[in-house]
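# A structural walkthrough
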Amino acid sequence: MPRSLFEKVWNAHVVEELPGENALLFIDRVVAHEITTPQGALEIERDFDDALFDPDRIVAINDHVSPAKDTETAIQAKVLRDWAKRHGIVLYDLGRNGICHVVAPERGYVEPGMTLACGDSHTCTLGAFGAFALGVGSTAQGGAMLAGCLVLGRPKVMRVTLKGRLTHGATAKDLALHVIATLGFKGGTGYVLEYAGDGLASLSMDERMTLCNMAIEAGATTGMCPPDETTFSYLRGRENQPTGDAFEAKVDAWRALVADPGATYDAEVTIDVDALRPMISWGTNPGESVPIDGVVPAGAAEASLRYMGLTPGQPLRSLTIDQAFVGSCTNSRLSDLRAAAEVLRGRSVSVPTIVTPGSQAVKRAAEREGLHDIFQDAGALWTHSSCGPCLGMSMGVLAPGARCVSSTNRNFPGRMGAGGRVHLASPAVVAASAVLGRIASPDDLPARAAVEAEAVRG
Amino acid sequence: MIVSGSVLPIDKANVDTDQIIPAHHLTGIEKTGLGKHLFTGMTGGVDLLAAHPDAAIVVARENFGCGSSREHAAWSLVDRGIRAVVAPSFARIFFENAYNNGVAPVVVPEAAIDGLLAEPHLRIDLVREVLTTSGGEEIAFTLDPLRKEFLLSGGYMAFLAGKRDKVRAWLDSRAAQAGAA
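Just so it is clear, the structure is predicted and the values come from calculations on it, not from any experiment.

Basis of the calculations
- Residues numbered from 1 in each chain as written.
- Chains lettered and ligands numbered in written order.
- Predicted model: local features only at pLDDT ≥ 70, side-chain atom pairs only at ≥ 80, totals over all residues.
- Helix = DSSP H or I, 4+ residues; strand = E, 2+ residues; numbered from the N terminus.
- Buried ≥ 20, exposed ≤ 12 C-beta atoms within 10 Å, placed from the backbone.
- Contact = placed C-beta atoms within 7 Å.
- Rg over C-alpha atoms; globule rule 2.2 N^0.38 Å.
- Core = buried A, V, L, I, M, F, W, Y, C linked by C-beta atoms within 7 Å.
- Domains from an automatic or database assignment.
- Nonpolar A, V, L, I, M, F, W, Y, C, P; charged D, E, K, R; others polar.
- Pairing = 2+ DSSP bridges.
- Axes fitted to C-alpha atoms, helices over the stretch in contact; angles between N-to-C directions.
- Expected span 1.5 Å × (residues − 1).
- Parallel < 35°, antiparallel > 145°, perpendicular 65-115°, else oblique.
- Left-handed = near helix turned anticlockwise from the far one by under 90°.
- Arc of directions from axis to C-beta.

Along its length, chain B carries eight helices and seven strands. Each principal axis of the C-alpha distribution contributes one length, and for chain B these read about 65 × 40 × 25 Å. Taken across its 181 residues, chain B has 46% of its residues classed as buried. Sequence separation of 24 or more characterises 67% of the internal contacts of chain B that already satisfy a separation of 6 or more.

Quick look at the overall build of chain A now. Assigned secondary structure in chain A consists of 16 helices and 19 strands. Relative to a compact globule of 458 residues, whose C-alpha radius of gyration would be 23 Å, chain A shows 22 Å and is just as compact. Dimensions along the principal axes, computed over C-alpha positions, put chain A at roughly 70 × 55 × 50 Å. For chain A, with 458 residues in total, the buried portion stands at 59%. A sequence separation of at least 24 residues applies to 74% of the contacts in chain A between residues at least 6 apart.

Across soluble globular proteins, you tend to see nonpolar side chains buried next to one another. Leu116(A), Leu150(A), Ala340(A) and Ile57(B) are the most contacted members of the largest nonpolar core, which has 201 residues in total. Discounting residues that sit within four places of it in the chain, Leu116(A) has contacts with Ile27(A), Asp28(A), Arg29(A), Val31(A), Val110(A), Thr123(A), Leu126(A), Ala131(A), Ala133(A) and Leu134(A).

A word on the domain arrangement of chain B. Entries for chain B in the domain assignment read domain 1 (2-143) and domain 2 (155-181). With centres defined by C-alpha atoms, the gap from domain 1 of chain B to domain 2 of chain B works out at 36 Å.

Okay, the domain arrangement of chain A next. Residue and element names in this part refer to chain A. We note that the domain assignment places domain 1 (5-271) and domain 2 (301-457) within chain A. For domain 1 versus domain 2, the separation of C-alpha centres amounts to 26 Å. Taken together, the contact between domain 1 and domain 2 spans 27 residues of the former and 27 residues of the latter. Contributions of two or more residues to the side of domain 1 that touches domain 2 are made by helix H4 (100-106), helix H6 (172-183) and helix H8 (205-213). By residue number, the principal contributor to the side of domain 1 that touches domain 2 is H4, which donates four residues. Across the side of domain 1 that touches domain 2, the residue classes tally to six nonpolar, 13 polar and eight charged.

Moving on, we get to the sheet that holds strand E7 (residues 132-135) of chain A. Residues and elements named next belong to chain A. As summarised here, the arrangement of the five strands in space is E5-E4-E3-E6-E7, forming an open sheet in which the pairing is parallel. The open sheet has two free edges, formed respectively by strand E5 (90-92) and E7, since each of these has just one partner strand. Going across the sheet, the axis of each strand differs from the next one's by a mean of 20°, ignoring polarity. When strand E3 (residues 29-33) meets strand E4 (residues 58-61), the two strands line up parallel, connected through four bridges. Bridge assignment links valine 31 to a residue of E4, and that residue is valine 59. Lying on the sheet, helix H5 (residues 138-147) is in contact with E3, E4 and strand E6 (115-118); it crosses E6 at an angle near 130°.

Right, let's talk about the sheet that holds strand E11 (residues 222-224) of chain A for a bit. Paired through backbone hydrogen bonds, the strands of a sheet run either parallel or antiparallel to each other. Residues and elements named next belong to chain A. Ordered by their spatial adjacency, four strands build an open sheet running E11-E10-E9-E12, and the pairing between neighbours is parallel. Whereas interior strands pair on both sides, the edge strands pair on one side only; in this sheet they are E11 and strand E12 (267-272). For this sheet, the mean inter-axis angle between neighbouring strands, taken without regard to orientation, is 25°. Note: strand E10 (residues 191-196) against E11, three bridges, orientation parallel. Of the residues in E11, the one forming a bridge with glutamate 194 is methionine 224. H6 rests against strand E9 (156-163) and E12 of the sheet, and its axis sits at about 135° to E12.

Turning our attention to the interface of chain A and chain B. Taken together, the 55 residues of chain A in the interface contact 43 residues of chain B. No other element matches the seven residues that H5(A) contributes to the side of chain A that touches chain B. The residue makeup of the side of chain A that touches chain B, split by class, is 26 nonpolar, 21 polar and eight charged.

Time to look at helix H8 (residues 164-180) of chain B. Look at H8(B): 24 Å from first C-alpha to last across 17 residues, which is about the 24 Å you get at 1.5 Å a residue. With one of its 17 residues buried, H8(B) lies for the most part at the surface.

Turning to the environment of Ser121(A), a few remarks are in order. You can see Ser121(A) is positioned in the loop between E6 and E7. Of the residues examined, Ser121(A) has 29 C-beta atoms within 10 Å and is grouped as buried. Taking the C-alpha atoms as reference, Ser121(A) lies 9.3 Å from Glu217(A); in sequence the two are 96 residues apart. Among residues more than four places away in sequence, those in contact with Ser121(A) are Gly135(A), Ile216(A), Gly67(B), Ser68(B), Ser69(B) and Ile93(B).

Before going further, it helps to spend a moment on the packing of H6(A) against H8(A). All names here are of chain A. Running from amino to carboxyl end, H6 crosses H8 at an angle of 25°, the nearest separation of the two axes being 8 Å. Regarding the angle of H6 to H8, the classification is roughly parallel. Crossing handedness for the pair H6 and H8: right-handed. Two secondary-structure elements touch here, H6 through Ala172, Lys173, Leu175 and Ala176 and H8 through Glu207, Thr210, Leu211 and Asn213.

The next point concerns helix H13 (residues 360-368) of chain A. Residue and element names in this part refer to chain A. Inspection of H13 places Gln360, Val362, Lys363 and Ala366 among the buried residues, and these make up the whole buried set. Taken end-on, H13 shows its buried residues confined to a sector of 155°, consistent with a single buried face. When the buried face of H13 is taken as reference, the exposed residues oriented beyond 90 degrees from it are Arg364 and Arg368. On its buried face, H13 is in contact with H4, helix H12 (334-344) and helix H14 (371-377). Positive phi appears at glycine 370, one or two residues downstream of H13, with a value of about 80°.

As structure tokens, then:
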């Protein structure tokens with residue numbers, strides 16, 4: 001019986017079939033951050049003798065608010081730190097840390113065929129490696145820490161076939177937004193999105209992570225990309241991976257982690273990647289997105305229009321903005337920063353702009369290339385790594401009514417601050433919008449020489 | 001077990017977890033005491049709760065609990081005395097979190113929601129899986145048979161703890177197979 005990639009990974013991890021089409025699913029790796037881990041860890045300490053199934057399967061990362069902003073967040077970080085130390089769990093702490101979905105793969109903790117759970121909905125990012133990467137609540141994460149497994153209903157599988165290549169300034173972010181707009185905000189609920197097609201083969205690991213990151217925004221259980229040479233090259237020589245023959249033996253096993261010819265799916269959708277253009281969200285969920293040349297659609301939800309201060313038919317490009325943000329687990333890797341820097345090089349931002357690398361390792365790599373100079377010469381704020389303004393939890397919170405073009409993943413009401421209005425876009429669109437002070441694509445920018453001449457004229 | 005109480009009507013689809021409890025309230029390490037933040041991220045949420053101070057049952061439209069994995073959404077509902085959410089559909093992670101925290105996610109047909117939003121009071125029999133309106137109309141629903149136990153008696157963690165030996169044996173056999181290969 002031909003099997004999908006998802007089925008292969010799933011079947012290899014079912015410890016026991018449970019009532020109600022649930023399974024007891026073995027979890028190879030738990031990624032633990034300071035916001036959602038303490039509750040489960042404390043419960044295990046109180047009620048289960050502080051016994052973890054296998055501390056070596058856990059990697060801990062202080063990521064959301066690091067450094068701490070107040071006493072409460074300092075306590076969260078301390079609880080994670082003390083717990084990790086007590087159990088001998090590897091911890092990426094202040095100075096070596098970053099967003100967990102950026103740090104875990106860059107440190108080699110994610111590989112094809114594994115199951116991975118984290119108390120964070122954007123864990124689906126890591127499906128880019130052909131892993132089954134699951135966002136869960138604190139209790140389920142605690143279960144995986146306590147017993148090495150959790151209860152999960154078997155999801156259905158939707159094959160998302162990508163045809164063609166990204167051109168015309170479209171990026172993986174635009175592809176992600178287009179997929180969500182196509183499926184609908186809850187169109188993926190109950191499904192794993194298994195990506196396929198020639199359009200996938202041409203994507204880098206950074207791009208695949210951006211694509212899988214937003215699977216949850218269509219409601220999907222997770223996204224998965226079959227591993228290939230791009231995946232193996234990313235992992236080869238990475239820390240926490242074996243070297244030489246031992247690594248190549250793993251690669252040989254990983255090569256089997258592709259869908260069999262004739263594998264069947266519960267649903268199918270095909271995406272014309274060639275036709276993609278830069279996208280922008282207009283509403284209050286990521287599915288409410290259109291090409292940047294588009295207008296606010298007729299028949300748009302009244303609540304979304306009211307919250308965003310928009311009317312149907314209004315061109316998105318006409319909107320002035322108050323802030324711009326490049327960062328988040330969606331778009332904060334080195335290639336994202338390069339894309340933003342390419343637009344900002346020799347130009348100036350006209351609204352407050354924050355650029356937040358996804359990890360301290362990304363930050364250092366960007367600085368070796370001089371990207372920090374480009375951002376700061378343009379007048380943007382270059383920060384330490386963190387989740388940053390994305391979820392309005394620490395810095396960069398929007399004022400009520402303020403409009404922000406953001407490379408993040410959620411434009412929910414209040415997401416980046418009460419009353420704040422978020423438009424989701426790629427790093428390049430964010431950068432171009434920051435320069436012009438309105439929603440714009442890089443194509444809208446005047447030639448750099450003209451900008452420079454204007455600057456000289458003052 | 002029966003949940004009987006007044007209704008908090010939320011005439012909205014896609015009530016995401018940022019609306020249920022905004023991220024700046026996720027700074028604690030405990031599951032308790034979060035009720036004061038419930039629906040503070042939702043336009044009109046505070047007023048709605050003030051108008052229904054004794055609500056035990058939320059009625060909302062499709063895709064309730066979408067967005068973040070924060071279990072704080074379920075904890076804040078429980079802390080405010082909410083024991084069931086009635087909606088046509090739920091996001092997966094919230095759905096699991098609700099079961100694990102004694103908040104029944106009750107799935108009913110979309111067509112029933114208009115009427116249920118207007119109900120002052122509902123009675124939900126979680127054992128029989130029947131919802132009864134104030135007029136006596138009955139709507140059947142289905143709970144996940146395994147998660148229903150966690151809902152009624154708690155014990156998700158204890159259930160998994162009881163599987164540890166089995167998981168270790170499974171892991172040993174996986175390692176043996178890999179070694180043989």
